[in-house]
Amino acid sequence: MARRRPIMAANWKMNKLVGEAREYVEQLLPRIEGAGGADIAVFVPFTALGEVARLTEGTPVVAGAQNFYYEDSGAFTGEVSAPMLLDVGAAAVIVGHSERREIFGETDEMVARKAARVVSAGLLPVVCVGETKEERDSGGMWEKVSRQVRAVFEYLGDETSGEPIVFAYEPVWAIGTGDTATPEDAQDATSKIRGLLGELRGEDFAGAVRILYGGSVKPGNVGEIMAQEDVDGGLVGGASLEAESFAELVNAAANVESG
Ligand code: PEP
């Protein structure tokens, strides 16, 4: 099967003031000039989004948000909508990150509603799924992940093709811990997700969807993870905070050989 176009995505989480964001983009752009083989997204705090979108306009980097709310306007104090993200130049959104699910109580249903709204707004969703350590240790990895993936399709129109959706398999125990899943674990989970997408929406859809791995990806392990057949890129927290290290990951993704 032809390999899908890789994506390397930075998740800054709740880090960087606007000035720091500006400096990062200035350092990143010259370091990724040879990375035409990959899509690049930087998911930044709302406060830096407009500035990062402006600075990356016309470059290979797209600016994205880490969250949003699926209603377009109204009495939802503290929330930001899809039209507001488009208004400041965002092109992508992370949906259902485990920190949103665990700390802020996002349910599968909320994640599904968000994914559907992101797609209908013409933004690219990166939908995160993944199991906890307890779930993995008790043999419940696939039960959890398959439930999360199935839920996403509850509100998504049948007409949606595979290209506008990205999944990120992010085992919760590997996020921010330095504990990376083995390349075989990453391949096992991403290939199972692709198999399920095939059951739900057919082979063409499943073959087009890009599935990322996230969880302590860094320059030292990105090569073996990216070499896996069903891993189409990375969603990276800690190692994306320095422009130099994120540029290394981007360049590794752009030069990946088919697994
Ligand atoms: C993440 O924030 O999605 C993530 C994978 O973080 P880290 O790379 O730090 O594990």
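Throughout this document, residue positions are counted from 1 along each chain, in the order its sequence is written. Local features in a predicted model are, by the rule used here, given only for residues with pLDDT of at least 70; side-chain atom pairs are given and counted only at 80 or more, and totals for whole chains, interfaces and linings are based on all residues. For the side-chain quantities, the full set of heavy atoms in the structure was used; hydrogens and water were omitted.

Asks: Sorry if this is basic, but what is going on with the pattern of salt bridges here?
Replies: Proximity of charged atoms lets side chains of opposite charge pair with each other. The salt bridge criterion pairs a side-chain nitrogen of Lys or Arg with a carboxyl oxygen of Asp or Glu, the two atoms within 4 Å. For the structure on display, the rule yields 21 salt bridges. Among the salt bridges present, the one from K133 reaches D137, with a minimum N-O distance of 3.0 Å. Of this pair, K133 and D137 both sit in helix 6 (residues 133–137), 4 residues apart, roughly one helical turn. Whether a residue is buried, partly exposed or exposed follows from its accessible area with a 1.4 Å probe, protein chains only, as a fraction of its type maximum: under 20%, in between, or over 50%, in that order. Residue classification places K133 among the partly exposed residues on the basis of a relative accessible area of 41%. Each helix corresponds to a stretch of at least 4 residues labelled H or I by DSSP, and each strand to a stretch of at least 2 residues labelled E; elements are numbered beginning at the N terminus.

Asks: Please explain the pairing of strand 7 (residues 210–214) as it appears in this structure.
Replies: When you tally the buried positions in strand 7, you get 5 out of 5 residues, the bulk of the element. Every second residue of strand 7 is oriented toward a common face, with R210, L212 and G214 on one face and I211 and Y213 on the other, all of them buried. Inspection of the sheet shows strand 6 (residues 166–169) paired to strand 7 by 4 bridges, in the parallel sense. Considered in strand 7, the bridge of V166 is made with R210. Whether two strands pair comes down to DSSP finding at least two bridges between them.

Asks: Which parts of the structure should I look at to understand the site of the ligand?
Replies: Summary of the distance rule: residues count as near a molecule or strand when at least one heavy atom falls within 4 Å of that molecule or strand. As a matter of local geometry, the ligand sits amid 14 residues, with K13, E170, G176, S216 and G237 nearest to it. Polar contacts, as used here, are pairs of N or O atoms within 3.5 Å; protein pairs need one atom able to donate a hydrogen and one able to accept it. Residues neighboring in sequence count only if both atoms are side-chain atoms. The side chain of N11 places a nitrogen or oxygen atom 3.0 Å from an oxygen atom of the ligand. For the ligand, whose free accessible area comes to 300 Å², the fraction covered by protein is 96%. Asp, Glu, Lys and Arg are counted as charged, while Ala, Val, Leu, Ile, Met, Phe, Trp, Tyr, Cys and Pro are counted as nonpolar; the rest, among them Gly, fall into the polar class. Within the shell around the ligand, the residues separate by chemical class into 4 nonpolar, 8 polar and 2 charged. Each accessible area is a Shrake-Rupley estimate made with a 1.4 Å probe; only the visible protein chains count as cover when residues are assessed.

Asks: Hey, could you run me through the environment of D39 in this one?
Replies: Note on placement: D39 falls in strand 2 (residues 39–44). Ignoring sequence-local partners within four residues, the contact set of D39 consists of R5, P6, I7, M8 and R210. In terms of polar contacts, D39 uses its side chain to reach the side chain of R5, at 2.6 Å. Every residue pair with non-hydrogen atoms within 4.5 Å of one another is taken to be in contact.

Asks: Would you mind going over helix 7 (residues 141–152) with me for this structure?
Replies: Along an α-helix, residues three or four positions apart point the same way, because every turn accommodates 3.6 residues. Helix span, expected: 1.5 Å multiplied by one less than the number of residues in the helix. Its 12 residues give helix 7 an end-to-end C-alpha distance of 17 Å, which sits within 8% of 16 Å, the value for a rise of 1.5 Å per residue. For helix 7, the full list of buried residues reads M141, K144, V145, S146, Q148, V149, A151 and V152.

Asks: Help me understand the packing of helix 5 (residues 108–121) against helix 7, please; the structure alone is not making it clear to me.
Replies: Helix packing for two helices is described by the angle between their axes and how far apart those axes are. Packing of helix 5 against helix 7 brings their axes to within 8 Å, and their N-to-C directions diverge by 45°. Taken together, the axis directions place helix 5 and helix 7 in an arrangement best described as oblique. Helix 7 is crossed by helix 5, and the crossing has right-handed handedness. Contacts between helix 5 and helix 7 pair D108, A112 and A115 from the former with R147, Q148, A151 and V152 from the latter. Taken together, the residues of the contact of helix 5 with helix 7 sort by class into 4 nonpolar, 1 polar and 2 charged. In this description, a line fitted to the C-alpha atoms serves as the axis of each element, helices being fitted only across the stretch in contact, and the angle between N-to-C directions of two axes falls anywhere from 0 to 180 degrees. For classification, angles of less than 35 degrees are called roughly parallel, those exceeding 145 degrees roughly antiparallel, those between 65 and 115 degrees roughly perpendicular, and all remaining angles oblique. In this scheme, a crossing is called left-handed if the near helix is turned counterclockwise away from the far one by less than a right angle; it is called right-handed if the turn is clockwise.

Asks: I keep staring at the side chain of D108 and nothing clicks. Help me out?
Replies: Mapped onto the secondary structure, D108 falls in helix 5. When sequence neighbours within four positions are dropped, the list of residues in contact with D108 reads R101, R147, Q148 and A151.

Asks: Can you walk me through the pairing of strand 8 (residues 233–236) in this structure?
Replies: A regular strand places its side chains on the two faces of the sheet in alternate fashion. Alternating residues of strand 8 divide into G233 and L235 and G234 and V236, and every residue in both groups is buried. Of the strand pairs in this sheet, strand 1 (residues 7–11) and strand 8 are connected by 4 bridges, and their pairing is parallel. For I7, the partnering residue across the bridge sits in strand 8 and is G233. Pairing between strand 7 and strand 8: 2 bridges, direction parallel.

Asks: Just checking my understanding: could you explain the sheet that holds strand 2 for this structure?
Replies: Consider a sheet: its strands pair through backbone hydrogen bonds, and that pairing is either parallel or antiparallel. One closed barrel holds the 8 strands; their spatial order is 1-2-3-4-5-6-7-8, and the pairing between them is parallel. The sheet shows a mean angle of 25° between the axes of neighbouring strands, taken without regard to direction. Where helix 2 (residues 46–56) meets the sheet, it contacts strand 2 and strand 3 (61–65), and its direction lies at approximately 165° from that of strand 3.

Asks: Sorry if this is basic, but what is going on with the nonpolar core here?
Replies: One recurring pattern in soluble globular proteins is that nonpolar side chains are buried together. If you look at the biggest cluster of nonpolar residues, it comprises 74 residues, and the most contacted ones within it are F167, L197 and F246. In terms of residue count, helix 11 (residues 243–254) provides more of this core than any other element does, 7 residues in total. With residues near it in sequence (within four places) discarded, L197 still touches V149, F153, F167, G202, F205, A206, V209 and I211. A41, F43, I94 and L235 belong to the second largest nonpolar core, which has 12 residues in total. Residues belong to a common nonpolar core when they are buried Ala, Val, Leu, Ile, Met, Phe, Trp, Tyr or Cys residues joined through side-chain atoms within 4.5 Å.

Asks: Would you explain unusual backbone geometry in this entry?
Replies: Of note, K16 is a non-glycine position whose phi angle comes to about 85°, a positive value. Relative to the helices and strands, K16 resides in the loop between strand 1 and helix 1 (18–31). Phi is positive for S216, close to 60°, though the residue is something other than glycine. One can find S216 in the loop between strand 7 and helix 10 (222–226).

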